[in-house]
Amino acid sequence: ILGVHARNKKLDPEVDLQEIALRTPGFAGADLANLLNEAAILAGRKSLAGIRLQEIDEAVDRIVAGMEGKPLTDGKAKSLVAYHEVGHAVCGTLTAGHDPVQKVTLIPRGQARGLTWFIPGEDPTLISKQQIFARIVGALGGRAAEEVIFGDAEVTSGASGDLQQVSSMARQMVINYGMSDIGPWSLLDPSAQSGDVVMRMMARNSMSENLQQRIDDAVKKIAEEAYEVALRHIRDNREAIDKITEQLLEKETLNGDEFRTILAQYATIPDENIKAVQEQFEAKQAITV
């Protein structure tokens, strides 16, 4: 689909459509067309001969996260955001089954003061229990970094969106996928997803208080276990985190390879996560050839 929409666009030789496809799971044809049009506008503003990967990367960021905001100038706030984002990247990368880091940046977009991007696997619709748990650990990495590095009293509201994602993923594990101690069956009443408010209320009332409590307890258990893993990653890899954060504060953006090169000097990245990076690289090479 990307190839179709790129026919009337002049692309730089470095542009890899396969890599763009990996970064845009769930994008419909219209979304991809909008992405390339946005990249073309950015290239035109810079008077470039063709669309570079840099413009496409920025266009993806704009569409997914919003327009670029005003850079942080407060030293303490910028340091906290940097540690928060590095916490996401480190906890995700050191947890087996997590997607590879695409980049870590301090460039604000939308409501986010900083962002950590991950590249999902070839089929993001088919995901294992290990992978979901790894994503929960990664999502909690920012909060864990704030707590360990700055202290509990300095934990900020910056993790609110992360916590919502954690609750959503953990609840899906329990209710939708049967990935908890409650048992291997779905606890989702189809009526609960109805557009009718009355039907949703009836679906919730039809569930016993005991089962509702068991679901809440199972969700809490998953989140607490994941947070303990995240805290351990931060505590055990403080030297690596400090070094990566130092580089991030200096450059404002680190790509995935730059990030992993530094981390690998201090910590052992799980074999399957290294394999995932290699598979993505080989896929890119195959498309290029």
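Source: prediction; values computed, not measured. For every chain, the first residue of the written sequence is number 1, and numbering continues from 1 along that sequence. The model is predicted, so local features are restricted to residues of pLDDT at least 70 and side-chain atom pairs to those at 80 or more, both for listing and for counting; the totals for chains, interfaces and linings are taken over all residues. With hydrogens and water set aside, each side-chain value is computed from the structure's full complement of heavy atoms.

## Considering the overall build of the protein
As a reminder of what qualifies: Here a strand is any run of E in DSSP of at least two residues, a helix any run of H or I of at least four, and the numbering for each starts at the N terminus. We call a residue buried when its accessible area falls under 20% of the maximum for its residue type, exposed when it is over 50%, and partly exposed in between, using a 1.4 Å probe and counting protein chains only. Note on contacts: a residue pair qualifies if any of its non-hydrogen atoms lie within 4.5 Å across the two residues. Using a 1.4 Å probe, accessible areas were evaluated by the Shrake-Rupley method; residue-level cover was limited to the displayed protein chains.
When helices and strands are counted, the protein shows 12 helices and three strands. Looking at the protein as a whole, 44% of its 289 residues are labelled buried. By sequence separation, contacts in the protein at least 24 residues apart represent 70% of the contacts at least 6 residues apart. For the protein, the exposed area adds up to about 15400 Å²; of that, 51% sits on carbon and sulfur atoms.

## Some thoughts on the sheet that holds strand S2 (residues 115-118)
Going by this rule: In this scheme, strands are said to pair when DSSP sees at least two bridges between them. To define axes, lines are fitted to C-alpha atoms, for helices over the stretch in contact only, and angles between the resulting N-to-C directions are given on a 0 to 180 degree scale.
Sheet architecture is open: three strands sit in the order S2-S1-S3, paired in antiparallel fashion. Since the sheet does not close on itself, it has two edges, and those belong to S2 and strand S3 (253-255), each with one partner. The average angle at which neighbouring strand axes cross in this sheet is 10°, direction not considered. Bridge count for strand S1 (residues 101-105) against S3 is three bridges, and the pairing is antiparallel. If you follow Val104 over to S3, its bridge partner there is Leu254. Against the sheet, helix H11 (residues 256-263) engages S1 and S3, with an angle of about 85° to S3.

## So, the pattern of salt bridges
Think of it this way: side chains of opposite charge can pair up when their charged atoms draw near. What counts, and what does not: Salt bridge, as used here: a side-chain nitrogen of Lys or Arg that lies within 4 Å of a carboxyl oxygen of Asp or Glu.
For the structure shown, the criterion picks out 12 salt bridges. Glu154 is paired through a salt bridge with Lys76; the nearest N and O atoms lie 3.3 Å apart. Here Glu154, found in the loop between helix H6 (129-150) and helix H7 (160-175), pairs with Lys76, found in helix H5 (residues 75-93); they are 78 residues apart in sequence, far enough to count as distant. Where Lys243 meets Glu246, a salt bridge forms, and the shortest distance between an N and an O atom there is 4.0 Å. Of the two residues, Lys243 and Glu246 are both situated in helix H10 (residues 238-251); the distance of three residues between them amounts to about one turn of the helix. A relative accessible area of 30% means that Lys243 is categorised as partly exposed. According to the relative accessible area criterion, Glu246 is partly exposed, its value standing at 45%.

## Details of H11
Worth spelling out the cut-off: Arc definition: directions from the helix axis to the C-beta atoms. Contacts described as polar in this section are N or O atom pairs within 3.5 Å, which, within protein, must combine one atom able to donate a hydrogen with one able to accept it, while residues neighboring in sequence count only if both atoms come from side chains.
Listed in full, the buried residues belonging to H11 are Gly256, Phe259, Arg260, Ile262 and Leu263. Each buried residue of H11 sits inside an arc of 160° when the element is viewed along its axis, so together they form one side. If you check the start of H11, you find a side-chain oxygen 3.1 Å away from the backbone N of Asp257, and it comes from Asn255.

## What to know about the environment of Pro184
Relative to the helices and strands, Pro184 resides in the loop between H7 and helix H8 (197-205). We classify Pro184 as exposed; its relative accessible area is 73%. Sequence separation between Pro184 and Val174 is 10 residues; the distance between their C-alpha atoms is 8.9 Å.

## A short note on the side chain of Lys103
Mapped onto the elements of the fold, Lys103 is located in strand S1. Residues in contact with Lys103, not counting those within four places in the same chain, are Asp57, Asp61, Leu115, Thr116, Trp117, Thr253, Leu254, Asn255 and Gly256.

## Notes on helix H9 (residues 209-236)
How we decide: Helices are assigned an expected span. That span is 1.5 Å times one less than the residue count.
Here H9 is 28 residues long and its end C-alpha atoms lie 40 Å apart, about the 40 Å a rise of 1.5 Å per residue gives. Regarding H9, the residues found buried are Gln212, Ile215, Ala218, Val219, Ile222, Ala226, Tyr227, Val229, Ala230, Leu231, His233 and Ile234.

## So, the packing of aromatic side chains
For clarity, the threshold we go by: Only Phe, Tyr and Trp rings take part, Trp by its six-membered ring, and two of them pair if their centres are within 6.5 Å. Stacked means planes under 30 degrees apart, edge-to-face means over 60, and tilted covers everything else.
Considering all chains together, one arrives at one aromatic pair under this definition. Consider the rings of Tyr83 and Phe150, whose centres lie 5.7 Å apart with planes at 80°: the pair is edge-to-face. Taken together, the residues span a long stretch of sequence, with Tyr83 in helix H5 and Phe150 in helix H6 at a distance of 67 residues. Given the relative accessible area of 12%, Tyr83 is considered buried.

## A short note on the confidence of the model for the protein
Short version of the rule: pLDDT is defined as a per-residue confidence score from the predictor, taking values between 0 and 100.
Residue-level pLDDT values for the protein average 84, and 83% of them are 70 or greater. Averaged pLDDT values for the elements of the protein fall to 55 in H8 and rise to 97 in H6.

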